[in-house]
Amino acid sequence: MPKEEEDTCESLLRSKLEASLQRISFLEMENEQLRRENALLRAQDAARRSMPRKKTQAFVGSISSSQEKQMYQTGTDDGLQCENSISRTEFFGTSVAARTRSPRVPNPPPSPKSSSPTAKPSKEAGLPPPPPPPPLPLPLSSSRSGCRAIKAVRRVPEVLELYRSLTRKEGKSDTRAGSLGVPAAASAREMIGEIENRSAYLLAIKSDVETQAEFISFLTREVENAAHGDISEVEAFVKWLDDELSYLVDERAVLKHFPKWPEQKADAMREAAVGYRELKNLEGELFSFRDDKRQPTSVALKRMQALQDKLERSVHNIERVRESASKRYRDLKIPWQWMLDSGIIAQLKLGSMKLAKEYMNRVVTAVKLDAFSDDEEVTLQGVRFAYRVHQFIGGFDEECKHAFQELRKAACDC
């Protein structure tokens, strides 16, 4: 009997040991499965972050389906490999389908205001189409008014004499502090994310190249045939073009696959539109400027100096590139007359003269009210600003000359 009990106990222990070994094997298999599932979820999550918000639902569906399939596994290595291959196939198939977009239907370009409708030639007549109308000149009202005002400007030698006498006495040179823009440093995190998502990015570009060929051909014809008579029409056309191109994943990366794209003309039109809009915004800022008497004199003078700095910088930039840019614009059928001195630059110089008058009046008022402990320094500051604007414009009109005479009297009394 004791021997039989020992055999029974031994067999029982052996069966428990085999059960434990099977349990350990099952747990190792389950651990390997969870490790694979974790790696798959990380890959899907990285791909999902690179997709737009609209495509997120497709990735969530593929993730949930792969999880459900892996929950009902057979417990063997063959079953695990089969399920993982199915989930990977469904995942990549869903992501490629999500990237494929339908061809873009472009909106019509803005119609030129200055162009008159021309009759289309009929096939029976066989006549060639009439040539496009030449570019229209600038509006006569603004250009003539600007020219008349500029012609009324005369040089005032007293400005130079007073400036030189005061600066010689002071022994200081007229210096202005310039501001340099600091380029923003690229974020390291964004660069790493871009490298991780590069595969999805390249697939999206390839999809746009394949599906948007007709759309880009339409935009190519519109840019090549664009011949506007006024720079404001170029502004509207560039806004329409940028809105259409924003549909692409990456404008530059997609368009470089289309050798017929007129990149030079499109960039020149953007350049002209941006330069003109900057001058127009500056013109509006100049003529809407009002000297707030409630502000301290030092604050008001700094505001005027900053506006004059901005004005001179913009005008000098246009004058520096005017010769080369105007020739390029003429060759590409882009309006260029707005860059001449008789155009918007004349209006800007008139605004600068208005600014100088406000500046000198503010200095004279401060000196009369004895608002500063050192009136001579404030007067010298006003003379410097008057001299600067006088040289920039080429003279003063009668109102500005009268304001300078008041400033001269204040300087002599100090």
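Residues numbered from 1 in each chain as written. Predicted model: local features only at pLDDT ≥ 70, side-chain atom pairs only at ≥ 80, totals over all residues. Heavy atoms only, no water.

**Comments concerning helix α9 (residues 231–245)**
Each full turn of the α-helix corresponds to 3.6 residues, which orients residues three or four apart in the same direction.
Consideration 1: Its 15 residues place the ends of α9 21 Å apart at the C-alpha level, agreeing with the 21 Å of an ideal helix rising 1.5 Å per residue.
Consideration 2: Ile231, Glu233, Val234, Glu235, Phe237, Val238, Trp240, Leu241, Glu244 and Leu245 are the residues of α9 that are buried. (Helix = DSSP H or I, 4+ residues; strand = E, 2+ residues; numbered from the N terminus. Expected span 1.5 Å × (residues − 1). Buried < 20%, exposed > 50% of the residue type's maximum accessible area, 1.4 Å probe, protein only.)

**Examining the packing of aromatic side chains**
Consideration 1: Going through the model one piece at a time under the given rule, you end up with five aromatic pairs.
Consideration 2: Ring plane angle 80° and centroid distance 6.5 Å describe the contact between Phe218 and Trp240, whose orientation is recorded as edge-to-face. Of this pair, Phe218 sits in helix α8 (residues 213–225) while Trp240 sits in helix α9; the two residues are 22 residues apart in sequence, bridging distant segments of the chain.
Consideration 3: Aromatic pair Tyr276 and Trp338: ring centres 5.8 Å apart, planes at 75°, arrangement edge-to-face. Of this pair, Tyr276 sits in helix α11 (residues 263–287) while Trp338 sits in the loop between α12 (297–331) and α13 (344–368); the two residues are 62 residues apart in sequence, bridging distant segments of the chain. For the pair Tyr276 and Trp338, one class covers both residues: buried.
Consideration 4: Joined through ring pairs, the aromatic side chains of Phe218, Phe237 and Trp240 make up one cluster.
Consideration 5: Just above the ring of Trp336 sits the side chain of Arg330; from NZ or CZ to the centre is 4.8 Å. (Phe/Tyr/Trp six-rings, centres within 6.5 Å; stacked < 30°, edge-to-face > 60°. Lys NZ or Arg CZ within 6 Å of the ring centre and 35° of its normal.)

**Observations regarding helix α15 (residues 398–413)**
Consideration 1: Here α15 spans 23 Å end to end across 16 residues, near enough to the 22 Å set by a 1.5 Å rise per residue.
Consideration 2: Among the residues of α15, those classed as buried are Cys400, Ala403, Phe404, Leu407, Ala410 and Ala411. Viewed along the axis of α15, the buried residues span an arc of 115°, placing them on a single side of the element. Seen from the open side of α15, the exposed residues pointing more than 90 degrees away from its buried face are Glu398, His402, Lys409, Cys412 and Asp413. (Arc of directions from axis to C-beta.)

**A short note on the nonpolar core**
The nonpolar side chains of soluble globular proteins are, as a tendency, buried together.
Consideration 1: Ranked by size, the top nonpolar core spans 68 residues in total, and within it Ile216, Leu241, Trp261, Tyr329, Trp338 and Phe396 carry the most contacts.
Consideration 2: Elements with a contribution of two residues or more to this core: α8, α9, α10 (251–255), α11, α12, α13, α14 (375–393) and α15.
Consideration 3: For this core, the element with the most residues is α13, which contributes twelve residues.
Consideration 4: The residues touching Trp261, leaving out its near neighbours within four places in the chain, are Ile216, Leu219, Thr220, Val223, Leu241, Leu245, Leu255 and Ala266. (Core = buried A, V, L, I, M, F, W, Y, C linked by side-chain atoms within 4.5 Å. Contact = heavy atoms within 4.5 Å.)

**Re the pattern of salt bridges**
Consideration 1: Using the criterion set out here, one finds 21 salt bridges in the structure.
Consideration 2: Across the pair Glu244 and Arg104 runs a salt bridge, and its minimum N-O distance is 3.3 Å. Of this pair, Glu244 sits in helix α9 while Arg104 is found in the loop between α3 (77–99) and α4 (140–151), placing the two residues 140 residues apart along the sequence.
Consideration 3: Exposure remark for Arg104: the relative accessible area of 24% places this residue in the partly exposed category.
Consideration 4: In this structure, the salt-bridge partner of Asp309 is Arg388, at a minimum N-O distance of 2.1 Å. Here Asp309 is found in helix α12, whereas its partner Arg388 is found in helix α14, with 79 residues between them in sequence.
Consideration 5: A relative accessible area of 22% means that Asp309 is categorised as partly exposed.
Consideration 6: Taken together, the salt bridges that share partners define one network made up of Asp242, Glu251, Arg252, Glu263, Asp267 and Arg270. (Salt bridge = Lys/Arg side-chain N within 4 Å of Asp/Glu carboxyl O.)

**Digging into the packing of α11 against α12**
In a pair of packed helices, the angle between the axes and the distance between the axes together describe the arrangement.
Consideration 1: Following both chains from N to C, one finds α11 and α12 inclined at 150°, their axes separated by 11 Å at the closest point. In terms of orientation, α11 lies roughly antiparallel with respect to α12. Note on packing geometry: the crossing formed by α11 with α12 is left-handed. Facing α11, whose interface residues are Gln264, Ala268, Glu271, Ala272, Glu278, Leu279, Leu282, Glu285 and Leu286, α12 presents Leu307, Lys310, Leu311, Ser314, Ile318, Ala325, Arg328 and Tyr329.
Consideration 2: Residue composition of the contact of α11 with α12, by class: ten nonpolar, two polar and five charged. (Axes fitted to C-alpha atoms, helices over the stretch in contact; angles between N-to-C directions. Parallel < 35°, antiparallel > 145°, perpendicular 65-115°, else oblique. Left-handed = near helix turned anticlockwise from the far one by under 90°. Nonpolar A, V, L, I, M, F, W, Y, C, P; charged D, E, K, R; others polar.)

**Considerations on the packing of α12 against α14**
Consideration 1: Two numbers describe how α12 lies on α14: the axes approach to 12 Å, and their chain directions differ by 20°. The angle between the axes of α12 and α14 places the two elements in the roughly parallel class. Where α12 crosses over α14, the two elements pack in a sense that is left-handed. Residues Leu301, Met304, Gln305, Gln308, Asp309, Leu311, Glu312, Val315 and His316 of α12 lie in contact with α14, whose contacting residues are Gln381, Phe385, Arg388, Val389 and Phe392.
Consideration 2: Of the residues contributing to the contact of α12 with α14, the split by class is seven nonpolar, four polar and three charged.

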